[in-house]
Amino acid sequence: KSASYLIVNLLLILCLIFSVSAEALSIPDARMAANGTTVTVTGYAFSATDTPGTGFADEFYLSNNKAQGICVTPAENTPITIYKEYSVTGTLTKANGEIRLSNAVVTAFEGNTTRKYKRLTCNEATDYEIYGGTFARVIGTATSPVTENGVLKSFILTDENGSM
């Protein structure tokens, strides 16, 4: 009786540990986790593997409603649809200035979980009081790139209305 009691208690403790560790973190909290930690986050793909010109074949970017994002490298070749909502569990890795979830298990939410961006002008995009944290798209021409050590630091974007 005591051995089976211990086994049952051990199984309950293991179930509790695994259920707590699978609980989703916010993307900012996940980004702050220690290198090598397994974390789960949810968000919308804003680059994709199945839409030409929006991403890379082996990774995508996930964003929450506040435009906070993280790079994801799936464990398997998983088709990712832009703007669809996903749950991602992976190992947090920090290298070369990039924070990503590697070897990630990616699960799409069922149903109508796609999110469309709001198209903004350059002037609207700079109005943080109204549009801060908006999942947005600004279309324009980029000029005057500034790089530092081969890394793009800034550029000027001019939209179709001539706004910068």
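Each residue is numbered by its place in its chain's sequence as written, counting from 1. Restriction of local features to residues with pLDDT of at least 70 applies here, the model being predicted, together with a cutoff of 80 or more for giving and counting side-chain atom pairs; totals for whole chains, interfaces and linings are based on all residues. For the side-chain quantities, the full set of heavy atoms in the structure was used; hydrogens and water were omitted.

### Examining the side chain of T40
Right, on to step 1. Topologically, T40 is positioned in strand β1 (residues 38-45).
Right, on to step 2. The term polar contact refers here to a pair of N or O atoms within 3.5 Å; inside protein, the definition further demands a hydrogen-donor-capable atom paired with an acceptor-capable atom, and it admits residues adjacent in sequence only when both atoms are side-chain atoms. At a separation of 2.6 Å, a polar atom in the side chain of T40 contacts the side chain of T89. Helix and strand assignments follow DSSP, with helices taken as H or I runs no shorter than four residues and strands as E runs no shorter than two, numbered in order from the N terminus.

### Observations concerning the sheet that holds strand β2 (residues 60-63)
Right, on to step 1. Pairing between strands is defined by DSSP: at least two bridges between the two strands are required. A barrel is described by the order of its strands in space; here five strands give the closed sequence β1-β2-β3-β5-β4, paired in mixed fashion. Averaged over all pairs of adjacent strands, the angle between strand axes in this sheet comes to 55°, irrespective of strand direction.
Right, on to step 2. Of the pairings in the sheet, the one linking β1 to strand β4 (residues 85-95) comprises seven bridges and is antiparallel in character. The partner of T38 across the bridge, within β4, is T91. Axis lines are fitted to C-alpha atoms, over the contacting stretch for helices. Their N-to-C directions set the angle, which ranges from 0 to 180 degrees.

### Regarding the pairing of strand β9 (residues 151-159)
Right, on to step 1. Here seven bridges tie strand β8 (residues 140-148) to β9, and the two strands are oriented antiparallel to one another. Bridging across to β9, A142 finds its partner in L157.
Right, on to step 2. Here β8 folds back onto β9, and the loop between the two strands holds two residues, one of which, N149, carries a positive phi near 55°.

### Looking at the packing of aromatic side chains
Right, on to step 1. Only the six-membered ring of Trp is used, alongside the rings of Phe and Tyr, when aromatic pairs are assigned; centres must lie within 6.5 Å, and planes under 30 degrees apart are stacked while those over 60 apart are edge-to-face, with the rest tilted. Per the stated rule, a full pass over the model turns up one aromatic pair.
Right, on to step 2. Between the aromatic rings of F60 and Y86, the centroid separation amounts to 6.1 Å while the plane-to-plane angle is 55°, which identifies the pairing as tilted. One end of the pair, F60, is in strand β2; the other, Y86, is in strand β4, and 26 residues separate them in sequence. Here F60 matches Y86 in class, with each residue buried. Per-residue accessibility, obtained with a 1.4 Å probe over protein chains only, is compared with the maximum for each type, and a residue is labelled buried under 20%, exposed over 50%, and partly exposed between these values.

All we've got here are geometric facts, nothing functional implied.
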